[in-house]
Amino acid sequence: MTQFTFDAPGSNVAPFDAPTIIRTKRDGGVLSDAAIDWVIDAYTRGAVADEQMSALLMAIFLRGMTGPEIARWTAAMVNSGERLDFTDLRRDGRPLALVDKHSTGGVGDKITIPLVPVVMACGGAVPQAAGRGLGHTGGTLDKLESIPGFSAELPKERIRQQLCELGAAIFAAGELAPADRKIYALRDITATTESLPLIASSVMSKKIAEGARALVLDTKVGSGAFLKTEAESRELARTMVDLGSAHGLSTRALLTDMATPLGRAVGNAVEVEESLEVLAGGGPRDVVELTLALAREMLDAAGLDGVDPADTLRDGTAMDRFRALVAAQGGDLNRPLPVGRCSETLTASSTGVVRRLDALAVGLAVWRLGAGRSAPGEQVQFGAGLRIHRREGEPVTAGEPLLTLYTDTPERFAAAVAELDGAVDIGDTAPPPRPLIIDRIV
């Protein structure tokens, strides 16, 4: 009987191939550790094509992953690049209190922008590897890069310097989990964003590699989140907390509401403007509430106590830290933020109370306006976005403005307005209140 030996010593035959791995997951099978290691490494090196990884991502989206598969996928992405280590850094002779935060993605979720300087002002050090927009949700880097001159492309020595001297650096992941960077871009354009395994592994691979000692997760629940139900979001939070703990990263999570947009601004530069209002001691109540809740969690996780983060908004120290951070990364807050050159305002068709403003519809409308991407590497419009004049629970009179849309390309208005069809419900009574913070998972 003829016997065949594959991948013998010295053989050039690969131990796996992409079609077989895709077929295994397509048919509901479980990928072995070795198969996961191979496909992540091969895709990072370019030996697996985008088309093949796209097919595998869709198979994962449809078939899911087991807990061990998610853990191995995450570890393989961490191992695809370098892992930062800041344990040697000191400030005033003491180790830095290294802590970070990550949101699973929301509409109007500009929380990182005021949160990081608040934590800086309280003595924390935040090494934040931030991302760009994904699907209908905005990315922190897209928002910050709307500030004239701001750059997130920081070399490692600059990151280390800023952590010591300022207390934070917000940077593109670069060589951290490069497999995730490539997969993240594919998910954005292949309708595979709303997958628990892919969300969990994407978030945690970057956060494990970035060098923080503690992590607080803002896990969104509702129409504007990637996972719509509380049960799904709770499972996601639990998965990410467990992944962090398994890699020595102290991790906790808050479940927060994303049925309606956060604040009154959705887009890129418009969200920076609203964040500046928060840092100046004002801003929408929900943005302030979530900023402070996450700040308290971060300070507790980092072992910092005795400081009320709300004081940093009142006394201006958080604003001072933000200005210093932006200046260190080349940004100029004295120059005007971009605004779409064309605008269109939608008005109320009846008198009453806004009972619902759907987060997903708003997010998709802003994406249609040009604030997000439909192809890898596409440049976003920094001035594209939307302002909310009446939020849930607020009264409105027929003919009054509800939403104002901004873009540099007016031919986008029709598609954006179509996404908003049915997004606003006006009734006679206010909707029942929903808690912004639903639960805490440790």
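Residues numbered from 1 in each chain as written. Predicted model: local features only at pLDDT ≥ 70, side-chain atom pairs only at ≥ 80, totals over all residues. Heavy atoms only, no water.

If you look the protein up in an unreviewed UniProt entry, it shows as Thymidine phosphorylase from Mycolicibacterium phlei DSM 43239 = CCUG 21000. UniProt, in the comment section headed Subunit (unreviewed entry), describes the protein in these words: "Homodimer." (UniProt positions renumbered as here; feature names shortened; annotations may be inferred.)

A. A look at the side chain of Thr137. By the secondary structure assignment, Thr137 is in the loop between strand S4 (126–130) and helix H6 (140–144). In this structure Thr137 touches Gly105, Gly106, Gly224 and Phe226, once residues within four positions along its chain are discounted. (Helix = DSSP H or I, 4+ residues; strand = E, 2+ residues; numbered from the N terminus. Contact = heavy atoms within 4.5 Å.)

B. Fine view of the layout of surface pockets. Approximately 600 Å³ is the volume attributed to the largest pocket. Considering each element in turn, the lining of the largest pocket owes the most residues, three residues, to helix H12 (residues 285–301). Looking at the lining of the largest pocket, its residues break down into ten nonpolar, three polar and nine charged. Shared between two domains, the lining of the largest pocket takes at least three residues from each, and those domains are domain 2 (90–329) and domain 3 (342–427). Counted as a void, the second largest pocket has a volume near 470 Å³. (1 Å grid on protein atoms, 1.4 Å probe; cavity = no way out; pocket = protein on both sides within 12 Å on 5 of 7 lines; lining within 4 Å. Points joined across faces, edges and corners; volume = space filled by probe spheres on them. Nonpolar A, V, L, I, M, F, W, Y, C, P; charged D, E, K, R; others polar. Domains from an automatic or database assignment.)

C. Representation of the sheet that holds strand S11 (residues 385–388) within the structure. On the basis of which strands lie adjacent, the open sheet formed by four strands has the order S8-S11-S13-S9 and antiparallel pairing. Each edge of the open sheet carries a strand with a single partner, namely strand S8 (265–267) and strand S9 (342–347). Averaged over neighbouring strand pairs, the angle between their axes works out to 15° when direction is ignored. Each of S8 and S11 touches helix H11 (residues 269–279); the most contacted strand, S8, lies at about 140° to it. (Pairing = 2+ DSSP bridges. Axes fitted to C-alpha atoms, helices over the stretch in contact; angles between N-to-C directions.)

D. The sheet that holds strand S10 (residues 352–357), seen in detail. Ordered by their spatial adjacency, three strands build an open sheet running S12-S10-S14, and the pairing between neighbours is antiparallel. Two strands in the sheet have a free side with no partner beyond their single neighbour: strand S12 (395–396) and strand S14 (424–427). Bridge count for S10 against S12 is two bridges, and the pairing is antiparallel. Opposite Gly352, over in S12, you have Val396 as the bridge partner.

E. Here's a closer look at the nonpolar core. In terms of nonpolar packing, the biggest core is built from 72 residues, with Leu403, Leu405 and Leu420 touching the most fellow members. Take this core: its biggest share by element is nine residues, from H12. Looking at which domains feed residues into this core, each of domain 2 (90–329) and domain 3 (342–427) supplies at least three. When neighbours within four sequence positions are excluded, Leu403 is seen to be in contact with Glu344, Thr345, Leu346, Leu357, Leu386, Arg387, Ile388, His389, Leu420 and Val424. (Core = buried A, V, L, I, M, F, W, Y, C linked by side-chain atoms within 4.5 Å. Buried < 20%, exposed > 50% of the residue type's maximum accessible area, 1.4 Å probe, protein only.)

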